[in-house]
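Fold and contact review
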Amino acid sequence: MSRRPILAGNWKLNLTVRESLELASAVRDKCARHRDVDVVVAPTHLALHAVAQRLADSPVRVAAQNCHWADQGAFTGEISPAHLADAGVAWCIIGHSERRQFFGETDDGVAKKARALHDRGVLPIICVGESLDQRDAGQTLSWVTGQVKAALAELTADEAAVSVVAYEPIWAIGTGRTASPEQAQEVHAAIRATLAELYGRAIADRIRIQYGGSVKPSNVKTLMAQPDIDGALVGGASLTADSFAGIVAHRAED
Ligand code: PEP
């Protein structure tokens, strides 16, 4: 089953609006010739609208890094799926381990966000992943597949099919330590088996599963060569156009 690769840059709490526009333009220009992959950039909320406008005529899509599940209401400081759709945002990262760790995001909240995003036509990139302690205790597969089941609990099979799951071992995020291709593949295969239990094999085979955790131009190719790795969610290496374009171009020298 061939799935279209999806490479997403998570800019986290970096870059002003002006800097975000500069990077967005550079990514657009450097990635324009790679038509066989989906390219996504995730600026801060403040830069979303401007970046979406800048990229409107390009194949590069824009993601938010988080959202609330409500469309509107007394939720000071939040932004909603309706706002994202209105601003031209196509994707939203939810359940990132930094949100779970520092802002108390729960599986239940992630499920509500996934539901609300689909209601507004914004597609979720649903992050899951284990800590080093959980890996050392042999709990990786049960933990991660439990997160997947919880996050997708409110989605139909058709909605799941167009969502993206991002497997990001917490110990590999921002640490320079990447899961080996075999370690990543083992978890991706377990995630796909869980998706097949939930929705059947045909739907599971359509769902794209990204790997995230210190992905760089130098390691993307071996990761992407694994049968169940369909893309990358990239933090640090997405902050310069050259390194992100190097990741997007992983198929180019084949
Ligand atoms: C991330 O935050 O999603 C991530 C994978 O970061 P990094 O690539 O810097 O490890």
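Structure: above.
Report follows, based on the coordinates.

What counts as what
Residues numbered from 1 in each chain as written. Predicted model: local features only at pLDDT ≥ 70, side-chain atom pairs only at ≥ 80, totals over all residues. Heavy atoms only, no water. Helix = DSSP H or I, 4+ residues; strand = E, 2+ residues; numbered from the N terminus. Rg over C-alpha atoms; globule rule 2.2 N^0.38 Å. Buried < 20%, exposed > 50% of the residue type's maximum accessible area, 1.4 Å probe, protein only. Contact = heavy atoms within 4.5 Å. Areas by Shrake-Rupley, 256 points an atom, 1.4 Å probe, with all protein chains shown as cover. Lys, Arg positive; Asp, Glu negative; His and termini not counted. Charge placed at Lys NZ, Arg CZ, Asp CG, Glu CD. Core = buried A, V, L, I, M, F, W, Y, C linked by side-chain atoms within 4.5 Å. Phe/Tyr/Trp six-rings, centres within 6.5 Å; stacked < 30°, edge-to-face > 60°. Lys NZ or Arg CZ within 6 Å of the ring centre and 35° of its normal. Axes fitted to C-alpha atoms, helices over the stretch in contact; angles between N-to-C directions. Left-handed = near helix turned anticlockwise from the far one by under 90°. Nonpolar A, V, L, I, M, F, W, Y, C, P; charged D, E, K, R; others polar. Near = heavy atom within 4 Å. Polar contact = N/O pair within 3.5 Å; in protein donor to acceptor, adjacent residues only side chain to side chain.

1. Topic: the overall build of the protein chain
Helix and strand counts for the protein chain come out as 12 helices and eight strands. The globule rule puts the C-alpha radius of gyration for 254 residues at 18 Å, and the 17 Å found for the protein chain is close to it. Each principal axis of the C-alpha distribution contributes one length, and for the protein chain these read about 50 × 45 × 35 Å. Burial status across the protein chain gives 56% buried among its 254 residues. Here the analysis covers contacts within the protein chain between residues at least 6 apart in sequence; of these, 71% occur between residues at least 24 apart. Looking at the protein chain as shown, the accessible area adds up to about 10900 Å², and 52% of this sits on carbon and sulfur atoms. For the protein chain, the distance from the average position of its 26 positive side-chain charges to the average position of its 30 negative side-chain charges is 4 Å.

2. Brief notes about the nonpolar core
Soluble, globular proteins show a tendency: their nonpolar side chains are buried together. With 66 residues, the main nonpolar core has L84, I191, L195 and Y211 as its most contacted residues. It is helix 9 (residues 181–199) that contributes the most residues to this core, six residues altogether. When neighbours within four sequence positions are excluded, L84 is seen to be in contact with L48, A64, C67, I79, V89, C92, L117 and V122. By size, the runner-up hydrophobic cluster in this structure holds 13 residues, among which are V40, A63, I125 and V164.

3. A look at the packing of aromatic side chains
Under the definition given, this model contains one aromatic pair. Lying across the ring of W69, K112 places its NZ or CZ 4.6 Å from the centre.

4. Things to note about the packing of helix 1 (residues 17–31) against helix 12 (residues 241–248)
Angle between the axes and distance between the axes are the two parameters that describe a pair of packed helices. At a minimum axis distance of 9 Å, the contact between helix 1 and helix 12 shows a crossing angle of 35°. Crossing handedness for the pair helix 1 and helix 12: right-handed. Between helix 1 and helix 12, the residues in contact are L23, A26, V27, K30 and C31 and A241, D242, F244, A245 and V248, respectively. Each residue belonging to the contact of helix 1 with helix 12 can be placed in one class, and the counts come to eight nonpolar, no polar and two charged.

5. What to know about the site of the ligand
The ligand sits among 14 residues. The nearest are K12, E168, G174, S214 and G235. At 2.5 Å, a side-chain N or O of K12 approaches an oxygen atom of the ligand. G174 is positioned such that a nitrogen or oxygen atom in its backbone is 2.7 Å from an oxygen atom of the ligand. In isolation the ligand has 290 Å² of accessible area, and contact with the protein removes 95% of it.

Nothing here speaks to function; it is all geometry.
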